[in-house]
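Read off the chains here:
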Amino acid sequence: MVHQEPSGPESAVSGHGSARRAALVLVLAIALVCGAVAAGILWRTGARADREIAAHRHRVQATTTARSEDPPAAVRPGAEPQSVAPAVWEYPDHISRSGPVHVPPRTPQGRTVTIWVDDSGAPARPPDTTADLALSAVAGGTAVAGAAGATAAGALALVRRSTEGRRLAAWEREWEQVEPVWSGRLRRDSGPGTGDV
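Rules used throughout
Residues numbered from 1 in each chain as written. Predicted model: local features only at pLDDT ≥ 70, side-chain atom pairs only at ≥ 80, totals over all residues. Heavy atoms only, no water. Helix = DSSP H or I, 4+ residues; strand = E, 2+ residues; numbered from the N terminus. Buried < 20%, exposed > 50% of the residue type's maximum accessible area, 1.4 Å probe, protein only. Contact = heavy atoms within 4.5 Å. Areas by Shrake-Rupley, 256 points an atom, 1.4 Å probe, with all protein chains shown as cover. Pairing = 2+ DSSP bridges. Axes fitted to C-alpha atoms, helices over the stretch in contact; angles between N-to-C directions. Core = buried A, V, L, I, M, F, W, Y, C linked by side-chain atoms within 4.5 Å. Polar contact = N/O pair within 3.5 Å; in protein donor to acceptor, adjacent residues only side chain to side chain. Salt bridge = Lys/Arg side-chain N within 4 Å of Asp/Glu carboxyl O. Patch = residues over 30% accessible without salt bridge, like charges linked within 9 Å, V, L, I, M, F, W, Y side chains within 5 Å. Expected span 1.5 Å × (residues − 1).

## Overview of the overall build of the protein chain
Moving on, step 1. Helix and strand content of the protein chain: 2 helices and 4 strands.
Moving on, step 2. Sequence-ordered secondary structure for the protein chain, helices as α and strands as β, is α-β-β-β-β-α.
Moving on, step 3. A buried classification covers 19% of the 197 residues belonging to the protein chain.
Moving on, step 4. Intrachain contacts of the protein chain at a sequence separation of at least 6 include 61% that bridge at least 24 residues.
Moving on, step 5. If you sum the accessible surface of the protein chain, you get close to 14,400 Å²; carbon and sulfur atoms cover 61% of it.

## What about the sheet that holds strand β2 (residues 83–90)?
Moving on, step 1. Pairing in this open sheet of 4 strands is antiparallel, and the strands run β3-β2-β1-β4 from one edge to the other. In the strand order of this sheet, the two ends are held by β3 (96–103) and β4 (112–117), each with one partner. Shown here is a sheet whose adjacent strand axes are inclined to one another by a mean of 45 degrees, direction ignored.
Moving on, step 2. Pairing between strand β1 (residues 58–64) and β4: 6 bridges, direction antiparallel. Bridged to T63 within β4 is T112.

## Brief notes about the environment of A49
Moving on, step 1. Tracing the backbone through its elements, the reader meets A49 in helix α1 (residues 9–54).
Moving on, step 2. A relative accessible area of 33% places A49 in the partly exposed class.
Moving on, step 3. Counting along the chain gives 78 residues from A49 to P127, while the straight-line C-alpha distance between them is 9.5 Å.

## A few points about the nonpolar core
Moving on, step 1. In terms of nonpolar packing, the biggest core is built from 10 residues, these being V60, A62, A85, A87, W89, V101, V103, V113, I115 and V117.
Moving on, step 2. Of all the elements in the fold, those that place two or more residues in this core are β1, β2, β3 and β4.
Moving on, step 3. Ignoring sequence-local partners within four residues, the contact set of I115 consists of H58, R59, V60, A62, W89 and V101.

## Observations regarding the side chain of S83
Moving on, step 1. Structurally, S83 is set in strand β2.
Moving on, step 2. S83 sits in the buried class, given a relative accessible area of 0%.
Moving on, step 3. From its side chain, S83 meets the backbone oxygen of E69 in a polar contact 2.9 Å long.

## Remarks on the pattern of salt bridges
Moving on, step 1. Applying the stated rule across the entire model yields 1 salt bridge.
Moving on, step 2. Put simply, D128 and R125 hold a salt bridge, and the shortest N to O gap is 3.0 Å.
Moving on, step 3. Residue D128 is classed as partly exposed on the basis of its relative accessible area of 32%.
Moving on, step 4. The class for R125 is partly exposed, based on a relative accessible area of 44%.

## Re a nonpolar patch on the surface
Moving on, step 1. Judged by side-chain polarity, V33, V37 and I41 come together as a nonpolar surface patch covering roughly 260 Å² of accessible area.
Moving on, step 2. We classify I41 as partly exposed; its relative accessible area is 43%.

## Observations concerning helix α2 (residues 130–183)
Moving on, step 1. Spanning 54 residues, α2 covers 74 Å between terminal C-alpha atoms, matching the ideal 80 Å at 1.5 Å per step.
Moving on, step 2. Those residues of α2 lying buried are L133, A137, G140, G141, A145, A148, G149, A152, E179 and P180.

## Considerations on unusual backbone geometry
Moving on, step 1. The omega angle of the peptide bond from Y91 to P92 is -10 degrees, so this bond is cis rather than trans.
Moving on, step 2. Here P92 lies in the loop between β2 and β3.
Moving on, step 3. Even without a glycine there, the phi angle at D93 is positive, about 40 degrees.
Moving on, step 4. With respect to the element layout, D93 can be found in the loop between β2 and β3.
Moving on, step 5. Even without being glycine, H94 reaches a positive phi, approximately 65 degrees.

## Some points on the environment of D118
Moving on, step 1. As for its placement among the helices and strands, D118 is situated in the loop between β4 and α2.
Moving on, step 2. As a C-alpha pair, D118 and R59 span 59 residues in sequence and 9.0 Å in three-dimensional space.

Take a look at the structure:
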């Protein structure tokens, strides 16, 4: 059995479909590569910054001097509610400090809690966990992938529109040459006195 390639309108439609698939694959590849590169850069940058922060963060034990205040009613979705309580702690080297610290809700007076402090002994944000770094890297990589994909899709759409316009203009020129022969009509530039036989 001999396989015949489609010709005419069917081949044009098939060609359009395969060109669209190729363009989609190209856009996805660009988006994935850009997203992966961005995620890698964000991971390395975040890990380096976190190591620098972690070098200046210290875990110490603090003792609450009063019952904790309830957390505010509006808490960011997904965030664990945290209360604040006055506490005392020592850092560095037996230097006594005091101030409000974040504690779990309903922490009673006299409870020992672990807090993070900076080199001067002031309460500070703890270093990011590996999960925090991964989440930031993935979120940033996803955003870059989306932006790169949208940019690539827009560029391909512009190229396609320009190519389509040139192709249609070429078809129009070819039709002007073929149509008079095909239909049997005289071309505008043919007729008596033009030298056509």
